[in-house]
Amino acid sequence: MIFYLAPLSRGEVGSRSDPGEGLLLRQSIETKRRAERSAVFVVPRNHSRAARRSANMRAIRSKNTTPELTVRRLVYSLGYRYRLHRKDLPGKPDLVFGTRRKVIFVHGCYWHGHGCKVGGTGAKSNRDYWGPKISGNKARDKRRLAELRKLGWKCLVVWECETSGLRGLERRIRKFLD
Ligand SMILES: [Zn+2]
């Protein structure tokens, strides 16, 4: 995996509005990636398939996933400051820009049912198993966006598959936040 972004400059780390986020972002990407990779082996192999799948799903769906960190890193490097996972807002948006009244969600293509190649793939047995769960996630996402918009928040959803093309993503984020 190649990092496309230049390292954050010293001055940005631990700024008053956002203490520690720069440092956290630099340290955490590799750690999280390792954790995600090893998550597959959390449950011993002699457990049932379903139990293993549930454990993997819990591990993989945790916060601070690599796509989310990629977006945070990009947004941070563009000079925007934000709060993370504000619990008082519907859906606990991943990035919250309070004064702009804007939020960004970073969605994994599979679990949130994106219509892209990643979201639509997976073994058929796997889709039969998780299909209802994914439909539920999609419906819930839609409800939460509607609630947020009703409260006057502008929302942007960034899909996991979009985080590999950083130039396009940067344009979208700038357009949304400016
Ligand atoms: Zn996708």
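The following paragraphs examine the structure supplied in this document. Just so it is clear, the structure is predicted and the values come from calculations on it, not from any experiment. (Residues numbered from 1 in each chain as written. Predicted model: local features only at pLDDT ≥ 70, side-chain atom pairs only at ≥ 80, totals over all residues. Heavy atoms only, no water.)

Considering the coordination of the zinc ion
- The protein atoms that coordinate the zinc ion are Cys109 (SG), His114 (ND1), Cys116 (SG) and Cys161 (SG), at distances spanning 2.0 to 2.5 Å.
- Around the zinc ion sit four donor atoms; with metal-centred angles ranging over 100 to 122 degrees, the donor geometry is tetrahedral.
- Read in sequence order, the donor residues for the zinc ion give the motif C-x4-H-x1-C-x44-C. Assigned by exposure class, His114 and Cys116 land together as buried. (Donors = N, O, S within 2.8 Å, 3.2 Å for Na, K, Ca; no water. Tetrahedral: all angles 85-135°; square planar, octahedral: opposite > 155°, others 65-115°. Buried < 20%, exposed > 50% of the residue type's maximum accessible area, 1.4 Å probe, protein only.)

Digging into the pattern of salt bridges
- Here the structure, examined in full by the defined rule, presents four salt bridges.
- Across the pair Arg72 and Glu68 runs a salt bridge, and its minimum N-O distance is 3.2 Å. With Arg72 and Glu68 both in helix α3 (residues 66–77) and four residues apart, the pair spans about one turn of that helix.
- Taking the relative accessible area as the measure of exposure, Arg72 reaches 1% and is therefore buried.
- Judged by relative accessible area, Glu68 falls into the buried class, the value being 4%.
- For the salt bridge of Glu170 with Arg174, the shortest nitrogen-to-oxygen distance reads 3.2 Å. Here Glu170 and its partner Arg174 are both found in helix α6 (residues 166–177), four residues apart, which amounts to about one turn of the helix. (Salt bridge = Lys/Arg side-chain N within 4 Å of Asp/Glu carboxyl O. Helix = DSSP H or I, 4+ residues; strand = E, 2+ residues; numbered from the N terminus.)

Here we look at the side chain of His107
- Mapped onto the secondary structure, His107 falls in strand β3 (residues 102–107).
- The exposure class assigned to His107 is buried, which follows from its relative accessible area of 8%.
- Ignoring sequence-local partners within four residues, the contact set of His107 consists of His112, Asp141, Val157, Val158, Trp159 and Glu160. (Contact = heavy atoms within 4.5 Å.)

Some thoughts on the sheet that holds β3
- Strand order across the open sheet formed by four strands is β1-β2-β3-β4, with mixed pairing between neighbours. Looking at which strands have only one partner, the edges of the open sheet turn out to be β1 (83–84) and β4 (154–159).
- In the sheet, β3 pairs with β4 via six bridges, with the strands oriented parallel. Bridge assignment links Ile104 to a residue of β4, and that residue is Leu156.
- Those strands touched by α3 are β1, β2 (95–97), β3 and β4, and its axis lies near 145 degrees from that of β3. (Pairing = 2+ DSSP bridges. Axes fitted to C-alpha atoms, helices over the stretch in contact; angles between N-to-C directions.)

Quick word on the side chain of Lys102
- Structurally, Lys102 can be placed in strand β3.
- Buried and without a salt bridge, Lys102 has Asp178 as its closest oppositely charged side chain, separated by 7.3 Å.
- If near-sequence neighbours (up to four positions away) are discounted, Lys102 is found in contact with Leu95, Val96, Phe97, Trp153, Lys154, Phe176, Leu177 and Asp178. (Lys, Arg positive; Asp, Glu negative; His and termini not counted.)

Some remarks on the packing of aromatic side chains
- Under the criterion given, the structure shown has three aromatic pairs.
- When the centroid spacing of 6.0 Å and the interplanar angle of 65 degrees are considered together, the rings of Tyr82 and Phe97 count as edge-to-face. Residue Tyr82 is found in the loop between α3 and β1, and its partner Phe97 is found in strand β2; the two are separated by 15 residues along the sequence. Summarising the burial analysis for this pair, Tyr82 and Phe97 share the class buried.
- Measuring from ring centre to ring centre gives 5.0 Å for Tyr110 and Trp111, while their planes differ by 80 degrees; the resulting arrangement is edge-to-face.
- With a relative accessible area of 14%, Tyr110 lands in the buried category.
- An aromatic cluster is built from Tyr110, Trp111 and Trp130, whose rings are joined through pairwise contacts.
- Against the face of Tyr76 rests Arg81, its NZ or CZ located 3.6 Å from the ring centre.
- Taking NZ or CZ as reference, Lys102 lies 5.5 Å from the ring centre of Phe176, over its face. (Phe/Tyr/Trp six-rings, centres within 6.5 Å; stacked < 30°, edge-to-face > 60°. Lys NZ or Arg CZ within 6 Å of the ring centre and 35° of its normal.)

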